[in-house]
Amino acid sequence: MKKLGFGMMRLPKYNDESNRNVDMIVAANMVEQFMINGFTYFDTAFMYHSFFSEVVVKQILVEKYPRSSFTLADKMPTMFLKKAEDMPEIFSRQLMKCGVEYFDYYMMHDVNSSNYDSVVQAFDGFGFISSKKAEGQIREIGFSFHDDAVLLDRVLTDHPEVDFVQLQINYLDWEDEGVQSRKCYETAVRHGKKVIVMEPVKGGTLANVPEAAEMVFKAHDPEASVASWAIRFAASLPNVFMVLSGMSSMEQLQDNMSYMKDFKPLCDAEYETINKATAVLKGAVAIPCTTCGYCLDAGCPMDIQIPKYFTLFNTEKLLGSRGFSPQEEYYFNTAENHGKASDCIGCGNCEAACPQHLKIRELLVDVKEMFEK
Ligand code: SF4
Ligand code: SF4
């Protein structure tokens, strides 16, 4: 199986009014190109695209291609579980929404310190997905994880039955104490688990690096895209069998496929280049938001477009030195129909859902100060 997986969480949209406004024609063409080029792995989740991603999967993948020609991953939404009995009901709905009889990969979604004991363990989540594996409705079980290596070690010790773990790994977070990419990867390896990588490009941040870092990459290989360095870094790790990319356009898809079709791991000189670029980048990314959208799905009473504002803030910081700054205009265009950063009432819904543990309320004050001058 080729190591590039199609993440169905940032699909192309025909407008930004709703996260459900997926451009089905472009998305279907992307799936077609992906399949034609021999890639087979697709990743969805219950709440992606405001609960619409699984339906998209059914329409542009499942109904068009033989079930044996692709592999599909889905996730039990731990964040929506109120009781153990919710799991069979949600799982059946997911099979129905996707139009499949089984999932190739199925995971407990976003296991972390705030839900592991109170939800995952309390409702015996792994027991439930193991029973579905035994019944043939799941081929392999695992979990996606957004916490530190100590908790990962505990989960893997408690649950040796899992087949794989999905981790956030990218070169910028490799030695980061918050995300702990390296420590988590090494923990998974120690437990003998294979790894799926999510956010290899850090929600797009590592595709759009500051000019100084871009120059480091271009000096090594003028033809290689900046994003390719991030995806190849993740795919070069020996225990990684799949790297997910949430592709939003045909251009991104074509670029990713160009170096992942006949994938070659990084060599020593390429690792050296990444280390140089990382040194430049450290300190340049102001807000490490991955634009996963979990904060929006949690429900902001003021309809504040948090990831969009953080992306604009980061871009303003990154590109400011180039003298090009349309971000303020984008900010006010968005704020026309949504809440502004200054509308935050501090309820905290967003922070409880953020897998990056960002202090969103404080960061929105920075956004306000940057754009609402
Ligand atoms: S804390 Fe602010 S941004 Fe977060 S959900 Fe509440 S109102 Fe929205
Ligand atoms: S603020 Fe957190 S939850 Fe919201 S998009 Fe960014 S990383 Fe995701």
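All chains use their own residue numbering, which begins from 1 and follows the written sequence. Each chain is given a letter, starting from A, and each ligand a number, starting from 1, according to the order in which they appear as written. In view of the model being predicted, local features appear only for residues whose pLDDT reaches at least 70, and side-chain atom pairs are presented and counted only at 80 or more, with totals across whole chains, interfaces and linings using the full set of residues. The side-chain numbers reported here are obtained from all heavy atoms of the structure, hydrogens and water having been left aside.

## Considerations on the site of ligand 1
What makes a residue near a molecule or strand is one non-hydrogen atom of that residue sitting within 4 Å of it. Near ligand 1 lie 14 residues; those nearest to it are Cys-300, Cys-344, Cys-347, Gly-348 and Cys-350. Elements are defined by DSSP. Helices are runs of H or I of four residues or more, strands are runs of E of two residues or more, and each kind is numbered from the N terminus. Every element with two or more residues in the shell around ligand 1 is listed here: helix 16 (349-353) and helix 17 (360-371). Of the residues contributing to the shell around ligand 1, the split by class is 10 nonpolar, 3 polar and 1 charged. Residues are grouped as follows: Ala, Val, Leu, Ile, Met, Phe, Trp, Tyr, Cys and Pro are nonpolar; Asp, Glu, Lys and Arg are charged; every other residue, Gly included, is polar.

## Some thoughts on the pairing of strand 6 (residues 164-168)
Strand 6 sits mainly inside the fold: 5 of its 5 residues count as buried. Accessible area is worked out with a 1.4 Å probe on protein chains only. A residue is then buried under 20% of its type maximum, exposed over 50%, and partly exposed in between. Of the two faces of strand 6, the one holding Phe-164, Gln-166 and Gln-168 and the one holding Val-165 and Leu-167 are both buried throughout. Any two strands with at least two DSSP-identified bridges between them are counted as paired. Of the strand pairs in this sheet, strand 5 (residues 138-145) and strand 6 are connected by 3 bridges, and their pairing is parallel. Residue pairing for strand 6: Phe-143 is matched across the bridge by Val-165.

## Side note on the domain arrangement of the protein
Residue ranges assigned to the domains are those given by an automatic or database domain assignment. Once the domains are mapped, the protein shows domain 1 (4-281) and domain 2 (294-371). Each of domain 1 and domain 2 has a C-alpha centre, and the two are 24 Å apart. In what follows, residue pairs with any heavy atoms lying within 4.5 Å of each other are defined as contacts. At the interface, 15 residues of domain 1 touch 8 residues of domain 2. When two components associate, each loses some accessible surface as probed by a 1.4 Å sphere; the sum of these losses over both components is called the buried area. Across the domain 1/domain 2 interface, buried area totals approximately 1200 Å², and carbon plus sulfur atoms make up 44% of it. Per-residue buried area on domain 1 facing domain 2 is highest for Met-47, His-146 and Asn-208; these three make up 33% of the total on that side. By salt bridge we mean one thing: a side-chain nitrogen of Lys or Arg within 4 Å of a carboxyl oxygen of Asp or Glu. For the pair domain 1 and domain 2, the number of links is 1 salt bridge. In this structure, Asp-16 and Lys-308 form a salt bridge, with 3.2 Å as the shortest nitrogen-oxygen distance. Each polar contact in these results corresponds to two N or O atoms within 3.5 Å; when the atoms are within protein, one needs to be able to donate a hydrogen and the other to accept it, and residues that are neighboring in sequence are counted only if both atoms are side-chain atoms. The interface formed by domain 1 and domain 2 includes 4 residue pairs in polar contact (both at pLDDT 80 or more). Contributing elements (two or more residues each) for the side of domain 1 that touches domain 2: helix 2 (48-51), strand 4 (103-111) and helix 9 (211-220). Classifying every residue of the side of domain 1 that touches domain 2 by side-chain character gives 5 nonpolar, 5 polar and 5 charged.

## What to know about the packing of helix 1 (residues 24-36) against helix 11 (residues 250-260)
Think of each axis as a best-fit line through the C-alpha atoms, taken over the contacting stretch in the case of a helix, with angles from 0 to 180 degrees between the N-to-C directions. Between helix 1 and helix 11, the shortest axis-to-axis distance is 10 Å and the interhelical angle comes to 10°. Accordingly, the angle class assigned to the pair helix 1 and helix 11 is roughly parallel. Of the residues in helix 11, those in contact with Asn-29, Met-30, Gln-33 and Phe-34 of helix 1 are Met-250, Leu-253, Gln-254 and Met-257. Of the residues that constitute the contact of helix 1 with helix 11, the class distribution is 5 nonpolar, 3 polar and no charged. Angle categories are assigned with fixed cut-offs, so that under 35 degrees is roughly parallel, over 145 is roughly antiparallel, 65 to 115 is roughly perpendicular, and the rest are oblique.

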